[in-house]
Amino acid sequence: QVRTELGHILLAWSSFKYHEFHNMLPPHEHAAKVVQEIRKYSNRRIVYRQKPNQPRHDVPGTISSKEGSTLQEDLKGAHVLVTIASSACLEALLQGVPSIVLGDALCEPISSISVDRIEYPYLAMLSQRMSLLNDLAYCQYHINEYENGLAWYHVKPLIQAQLEGRVA
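Attention in this report is confined to the structure presented alongside it.

Each value, and the rule that gives it
- Counting starts from 1 at the beginning of each chain's written sequence and moves along it residue by residue.
- Only residues with pLDDT of 70 or above have their local features reported here, since the model is predicted, and side-chain atom pairs are shown and tallied only from 80 upward, although totals for entire chains, interfaces and linings are computed over all residues.
- The basis for every side-chain value is the complete set of heavy atoms in the structure, and neither hydrogens nor water enter the calculation.
- For our purposes a nonpolar core is just a set of buried Ala, Val, Leu, Ile, Met, Phe, Trp, Tyr and Cys residues, chained together by side-chain atoms within 4.5 Å.
- Think of it in three bands: residues with accessible area under 20% of the maximum for their type are buried, residues over 50% are exposed, and the middle band is partly exposed, with areas taken using a 1.4 Å probe on protein chains only.
- In DSSP terms, a helix is any run of H or I states spanning at least four residues, a strand is any run of E spanning at least two, and both are numbered starting from the N terminus.
- When DSSP finds two or more bridges between two strands, those strands count as paired.
- Contact criterion: two residues are considered in contact whenever any of their non-hydrogen atoms come within 4.5 Å of each other.
- Geometry is summarised by axes, namely lines fitted to C-alpha atoms with helices restricted to the contacting stretch, and by angles between N-to-C directions that run from 0 to 180 degrees.
- By convention in these notes, a salt bridge is any Lys or Arg side-chain nitrogen within 4 Å of a carboxyl oxygen on Asp or Glu.
- Two cysteine sulfur atoms form a disulfide, by the criterion used here, when they sit within 2.5 Å.

Attention now goes to the nonpolar core. General note: in soluble globular proteins, nonpolar side chains tend to be found buried as a group. With 19 residues, the main nonpolar core has Leu-10, Leu-75, Leu-81, Cys-89, Leu-93, Cys-107 and Ile-110 as its most contacted residues. Taken together, the elements giving at least two residues each to this core come down to β1 (8-12), α3 (71-75), β4 (78-83) and α4 (88-94). Broken down by element, the residue count for this core peaks at five residues, all from α4. Listed in part, the 18 residues of the second largest apolar core include Leu-11, Tyr-18, Val-34 and Val-115.

This is the structure:
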């Protein structure tokens, strides 16, 4: 049963280089095939966001993300983010937007992995999201950057914002 609801589907697609390396169709052609599959399950508006440094292409059945818009802007009001291998799924996770990961993106372990879940995507529990973020944080800084204060310089404002109830 196809549903029509509020909240758009955001396609955050990978680069030409990624698609070429993995012997895939060019991003816009691959996205068009995924849109056809999505339409079997949803009539929601689909916004196509390609890598900002890539030549712009239209994808049938989608609305292109506004040129110059940020990922955070494109995620506002989104029902779900669909990606192959973009780190956009991490930003979606931070904004509480579930992801469907069709490849090897960071959030694949805590996301849906098929567009047949487009209307009911998995949103990981807070403990799962925190675990993934902790795993990523372990690799963020080198020991010298903790010793010389660089890590603290970047992390301190984020912690302060959380403690004060502000969004960083």
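Here the narrative resumes, following the displayed structure.
Moving on to the sheet that holds β4. Note: strands within a sheet are paired through backbone hydrogen bonds, in either parallel or antiparallel orientation. Here we have five strands laid out as an open sheet, ordered β3-β2-β1-β4-β5, and parallel in their pairing. The strands lining the two open edges of the sheet, one partner per strand, are β3 (63-64) and β5 (99-101). Across the sheet, helix α2 (residues 27-38) lies against β1 and β2 (46-49), angled at about 160° from β2, the strand it touches most.

With that settled, the discussion passes to the pattern of salt bridges. With the rule as written, the count across this model stands at four salt bridges. Note that Lys-40 is salt-bridged to Glu-37, the shortest N-O span being 2.9 Å. Overall, the relative accessible area of 28% leaves Glu-37 in the partly exposed class. Residues Glu-67 and Arg-56 are paired through a salt bridge, measuring 3.9 Å at the closest nitrogen-oxygen approach. You can see Glu-67 sitting in the loop between β3 and α3 and its partner Arg-56 sitting in the loop between β2 and β3, a full 11 residues away along the chain. Judged by its relative accessible area of 67%, Glu-67 falls in the exposed class.

Once that is clear, we can look at the pairing of β1. Of all five residues in β1, five are buried; the element is thus mostly enclosed. Neither face of β1 is open: one carries His-8, Leu-10 and Ala-12, the other Ile-9 and Leu-11, and all of them are buried. As paired strands, β1 and β4 are joined by five bridges and run parallel to one another. Each bridged residue has a counterpart across the sheet, and for Leu-11 the counterpart in β4 is Val-82. By the bridge criterion, four bridges tie β1 to β2 in an arrangement that is parallel. By the bridge assignment, Leu-11 is partnered in β2 with Tyr-48.

According to the stated counting rule, one finds zero disulfides in the structure shown. Cysteine Cys-89 remains unbridged, with the sulfur of Cys-107 as its closest cysteine sulfur at 3.6 Å. Judged by relative accessible area, Cys-107 falls into the buried class, the value being 1%.

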